[in-house]
Structures are given as structure tokens and as C-alpha cells.
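Structural overview for review
One letter stands for each residue in the lines below.
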Amino acid sequence: MHNRVTKRFRMWRNHTTIQRQLSILVSLSVAVVMMLMVVYNYLAQANSNKEQQISAMSRVLELERQQLDDYISELRTFSLQLRNNSEFMSILTQTTPLDYEQRQIIENALKAIFYSRRDLLTYDLYLINIDTCFSMNSKLRKVSTSENITALNFAGYDQFTSKPDFCSIMQDEGDGFLSITRGIVNSPQDTLLAVVRFTVNDDIISSMSQSHIAQGEYLCLVDERENIYYSGIDLDSESMPSRLTDLSVESSSFSTKINGIDMLCISAKSNYSLYLAALKPKAVINAYLNTTRNLSIVLGIALAMFAMLLVIYWVRFITTPLSELAHRLRSVGSGNFKTKAHLEGSYEIIGLSEDVNNMIESVNTLIESTYIAELNERTAKLVALEAQMNPHFLFNTLQAISTQAIVNKQEGIYKMVTALAGILRYTIRGGNLTTLDTELDNIEKYLMLQQARFGDKLTYELIVDAGLRELNVPKLGVLSLAENSIVHGFTNDVDTIHVKIQCSVLHSNVYLSVSDSGYGIRPDKIEELRVALDKPTTFNPQNIGLTNLASRLKLLYNGSARIKITSSDAPRQTKITMIIPLEVMKNVQSTDH
């Protein structure tokens, strides 16, 4: 049997592609891993959900315990209000029957106290010395009087007459929630003069219970003697969990069964020997877990299917490059790219036979392409070297002309040729930035050449603040502005022009301005230029216009520099200014080389 299974498996393997074998193997592995992850995730979520439920219920119950303790403490303080009434306290010590005025004082005090709270059901005042009881309740809303009341017959007498606080809190046997009894004594003899007993409704515990009902929980309140003060579920002394009143710590959680229902119980002990318990059926908790489990299973199946599809695609993606790599290695290993390859082996290797021939042809083509590329690269280097030699030829020619001018004592021609050579060398030198001093030096050379052309028609002046000459400025920036003033200034029969170049610092900005008294710029042309400068075009090395300069400024100074243009008729002046923050200018390093 074993041999038969092994033989069939081998036959299947020999007739099945590696791609399919890997896809099945990896898909099964991924499916098993995904299902294990789903099971683990469900168990982890179940444990985490239980811990979260316990934590959330414990936090809520602790807040409610504090609220209950504060409420009871407030009731204890409320039971002492009559002690603050001096007239009332003076009446308590007498043993003779009360007159009309004294009764009115007591009744008014009772009414004021009774109407001060909304949760009071009954309020009774027992005067011990005259065995008289004054009472009010929420139904009659008036003071009634009872005679011949003996203090020894009061329920819980030993509790509210014991030191130190002379107060007891008990379960109300009627329609109320709590019954508070306070003994009023005279100090320091601690003689009992009066007893205050009142009951409150269950508004506070009912409001607490509503929040638990919204969560599918039940709230209970019991004391140490297993008396049930409040219960949101049918609970009696027999079905009450025994552990609820055996706690030795402030709060605890445990599982129990009440009326045949499995419950998670969270309990908290108050400062007044009362136990708050929140009961949540495990079916409610498991309902969330079941939803989580079903969602996890669906999600696991979806992820497993997605993983299988991904595995199939990934295996196909992996095996195809491996096959291509195999025939490439065989081709390279043969050392003869002109020979046709004939491969044999597994199903995939047999299928590679046709691909090998195509690969050999591709390699040959690649070799030819590489050879042609190398030739093109060498040719480009030669062209670049030739282009590099042309400026040197021009410089050498200008040098020869200047030498000949000196020999023939033509000092003016010598200065012009020398200035032209300097400007040409400065123009073609690399770098985006240069010092202001270098820029101004070449500007003076340029203006000298222009004065040789225009004579007295062109005058100029340079005004530079101290300390600015070593700052880095855009190369050819100010020079292009000076050229712009002369080119566009001498138009429409303008006889003379004065160019003023000024470099100054104002309000932490460097102002590099060139103004002229030439023809000026029309207002519509100025607006067109301003729009173009706000959205300059991409930098073009062949263009040195204002838009090109604006683009360079934005790139060099990260958008913090700008160009300002003004033109007026009276006096006639056109002024173009580069405004660059001084701090930014100092941080930009020179790239002149």
C-alpha cells in the first residue's frame, strides 16, 4: 500500500510543474498557519475580552462605591442638622410637656429639614424626656405627633446609642431604601435626649442600576448579614453567592451561578459594611466573543484565500526569473554566444530550449549595443574637449591683440581688450554665486567698454555700503541689470543716460539696485513684467533676462528673494532692485570656481 502511494506521488510529481508543486505546498502551509493564527487570536481575544470586561466593570463599580459612600456620608451629616438649631437644642432638655410656641419651633424645624431634600420618604423625631414623636412623610406632607413612645423599643437601639458616632444605617423594612437613625445626646454626659430617624428612596441605586442594565448587567447591594438592600435580578439569601460577603479585600471578581445562569461577578466593599455587586451573564460576554470568533473565521478564510492567490502569483514570479537565470548561466558558461543551446531535464528545463536560443541572440545584440554606446561616449568626450579649447583660443587671441596694442602704444585699445577678456572669462567661469566685489569689478569693466562706445552720453556711479563687498551675490545678476538699463535706456532718441548702481542694507534685507534715466517702461509693460516675475519660468542657461534672474533667485535663496521694478516720468527714472534677506545671503555658500 505504501509503495503504491509512493509510486503515484512520484508520477504526479514528474508530470506536474515545479510551480504548481510549490504553489500547493506553500498554500497548504499558509492555510494551516492562518487557521492556527485565527485560533490563537480567538483565544487571545477571549482572554483579553474577559480582562477588559473585568477591568471596565471594576472601574465603574469602584466609582459607584465611592458615590454610594459619599451619599451615605452626606446622609449622616444631614442627620445632624437639628443640632445646629439652638432653640431646638434648648427644648430637648426639658421634661415638662411642650407649649404651643415650642411645638411650632419643632414643627418648623422638621418642615425645613424635610423639604430640603427630594429623596426623603419619612422623617421622625423622638423626644426622649417627654416620650413624644414628631413625624413627616412624603404622602401627607404635614407634621403628626405621637405620645408615649419609649426609646428602648426602637429597632437598632444598641447601634445608634453606642459611641463614638451615635448613628446607625439599616435596611428600610418598608418602601424605602435606607433607614438612618441618629441619637442626639448632651455632652459630656452622653445622655440620650432625642432620636432622629429618616428613610430615603432608592433613586441613587436605581440610577446606578440603569447604566448596568444598558450593558446587560445586574446590580445588587447587600450587607454583611446577607440582607439584600437592592437587586436588579431575582436574588434571595439562598441564591446569593457565598463569596460576596466573605471578601477580605476592597474588591474582587469571580464566577458564580445564580438561578441556573453562569455569571461573572464583580464586587466592591463600601466603608459602611455594604457590598456592591455587578453581575453579568456569561452568555452576554460570549455573544460578543461569538461574533468575534465568527468574524475571525471569516477573516481567516478570506486571508487564507488571498494568501493562496498571492502565493501562486509569487511562486510564478519566482520560478520564471530562476528559469531565465538558469539558461543565462548556461549560455555564459559555454563561452560561445553563437552556438544554439539545447537543454534537457525536468518539465521546466525542457520548456527552456526555445528560450535559450532567443537569449543568445539578445546577448549578441546587447554586446553590439554596448560597443556602439562606448563609441558614442568617446565621441562626446572629444566634442566636449574641442568645445573647451575654443574659449582658450579666444583668450589667447585677445592676449595677442592686447600685446600688439602695447607695442603700438594704443593704451585705450589695450584697456578695452583687457576688460573684454576679463568679462568673457568671468562669464564662462562656473558657479552660481560670486562675491559682490568681483561682480562690481566686472560691472566697471563692462561700463568702461560701453563708455568707449557712447562717450559722454553714458555716465555712471557706484554706491556700496561698507561690509557688503564680501557677501555672495548671484553671478551676473547686477551685471545683467546694468546691461538691461543701457540696452533698453538708449531708445527713442534718448541723448544721455545716467546709470546708478547702489548696494545697501535696510531692515535686515540687502538691496541691489540699478537705476537709469533712460526711456523708461510703459505701465502696462511693468504689470506684464511683474506677473512674469511672480511666476518665473524654469532656468535657461541661454537666457539672462529678468524672468531668468527671478528663477535663479528663487532657486538660490529658497523663494525668499525677489525683484522689484519701478518707473517714473518726473523725474525720469527706471529702477530694478534685487531684495535678498541678509541672513539668508550669509548662509548661502559661494559656488564660484
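The structure this text deals with has already been given above.
Below is a summary of the structure that appears in this document.

**Considerations on the overall build of the protein**
- Along the protein, the regular secondary structure elements total 15 helices and 18 strands.
- Taking all 593 residues of the protein together, the buried fraction comes to 37%.
- A fraction of 59% describes how many contacts in the protein between residues 6 or more apart in sequence connect residues 24 or more apart.
- Summing over all exposed atoms, the protein offers an accessible surface of approximately 35300 Å²; the carbon and sulfur share of this is 54%.

**Examining the sheet that holds strand β16 (residues 509–516)**
- Here five strands make up an open sheet; going across it, the order is β13-β15-β16-β18-β17 and the pairing mixed. Two strands bound the open sheet, and with one partner strand each, they are β13 (458–464) and β17 (562–569). Taken over all neighbouring pairs, the strand axes of this sheet differ in orientation by 15° on average, direction set aside.
- Strand direction decides the pairing type here: β13 and strand β15 (residues 497–506), joined by seven bridges, are parallel. Opposite I463, over in β15, you have Q502 as the bridge partner.

**Some points on the packing of aromatic side chains**
- Across all of its chains, the model carries five aromatic pairs by this definition.
- Where F114 meets Y115, the ring centres are 5.8 Å apart and the plane angle is 85°; that geometry is what we call edge-to-face.
- Ring geometry for Y123 against F198: centres 5.7 Å apart, planes inclined by 10°, an arrangement best described as stacked. Placement of the pair is Y123 in strand β1 (residues 120–127) and F198 in strand β6 (residues 191–200), with a sequence separation of 75 residues. The same class applies to Y123 and to F198, which are both buried.
- Members of the aromatic cluster, connected to one another through ring pairs, are F78, Y123 and F198.

**Focus on the sheet that holds strand β3 (residues 144–147)**
- Read from one edge to the other, the open sheet built from six strands follows the order β3-β2-β1-β6-β5-β4, with strand pairing classed as antiparallel. Both edges of this open sheet fall to β3 and β4 (167–171), since each of them pairs with a single strand only. The mean inter-strand angle of the sheet, taken between neighbouring strand axes irrespective of direction, is 20°.
- Pairing geometry for strand β2 (residues 132–137) and β3, over four bridges, is antiparallel. Across the sheet, residue T132 finds its bridge partner in β3, namely E147.
- Contacts between helix α4 (residues 100–114) and the sheet are confined to β1, β2 and β3, with β1 contributing the most and set at about 150° to the helix.

**Let's talk about the pattern of salt bridges**
- Scanning the model with the defined rule gives ten salt bridges in all.
- Ionic pairing is found between E147 and R103, a salt bridge with its closest N-O pair at 3.6 Å. Of this pair, E147 sits in strand β3 while R103 sits in helix α4, placing them 44 residues apart in sequence.
- The partner of D524 in a salt bridge is R522, with the nearest N and O atoms 3.2 Å apart. Accessibility classification places D524 together with R522 in one group, the exposed group.
- By sharing partners, the salt bridges in this structure join E62, R65 and D69 into a single network.

**Points about the pairing of β2**
- Counting buried residues in β2 gives five out of six residues, a clear majority hidden from the surface.
- In this sheet, β2 lies alongside β1 in antiparallel orientation, the contact comprising six bridges. Across the sheet, Y123 pairs through a bridge with M136, a residue of β2.
- In this antiparallel pair of consecutive strands, β1 and β2, the connection spans four residues, and D131 shows a positive phi of 50°.
- What sits between β2 and β3 in their antiparallel hairpin is a turn of six residues, with R141 showing a positive phi close to 60°.

**Quick notes on the pairing of strand β18 (residues 572–581)**
- Along β18, seven of the ten residues are buried, which leaves the element largely enclosed by surrounding structure.
- Sheet analysis places β16 next to β18, joined by eight bridges and oriented antiparallel. Bridge pairing in β18 places N509 opposite P581.
- Bridge analysis of β17 against β18 gives eight bridges, and the strand direction is antiparallel. Looking across to β18, one finds that T566 is bridged to K575.
- Connecting β17 to the antiparallel partner β18 that follows it, the hairpin turn spans two residues.

**Let's talk about the side chain of D516**
- Within the secondary structure layout, D516 lies in strand β16.
- Nearest to the buried, unbridged D516 among oppositely charged side chains is R572, at 7.3 Å.
- Among the polar contacts listed, one links the side chain of D516 to the side chain of S485, at a separation of 3.1 Å.
- If we ignore the near neighbours within four places in the chain, the residues touching D516 are S485, I497, H498, V499, R572, Q573 and T574.

The rules behind these values
- Residues numbered from 1 in each chain as written.
- Predicted model: local features only at pLDDT ≥ 70, side-chain atom pairs only at ≥ 80, totals over all residues.
- Heavy atoms only, no water.
- Helix = DSSP H or I, 4+ residues; strand = E, 2+ residues; numbered from the N terminus.
- Buried < 20%, exposed > 50% of the residue type's maximum accessible area, 1.4 Å probe, protein only.
- Contact = heavy atoms within 4.5 Å.
- Areas by Shrake-Rupley, 256 points an atom, 1.4 Å probe, with all protein chains shown as cover.
- Pairing = 2+ DSSP bridges.
- Axes fitted to C-alpha atoms, helices over the stretch in contact; angles between N-to-C directions.
- Phe/Tyr/Trp six-rings, centres within 6.5 Å; stacked < 30°, edge-to-face > 60°.
- Salt bridge = Lys/Arg side-chain N within 4 Å of Asp/Glu carboxyl O.
- Lys, Arg positive; Asp, Glu negative; His and termini not counted.
- Polar contact = N/O pair within 3.5 Å; in protein donor to acceptor, adjacent residues only side chain to side chain.

The values are spatial; any link to function lies outside them.
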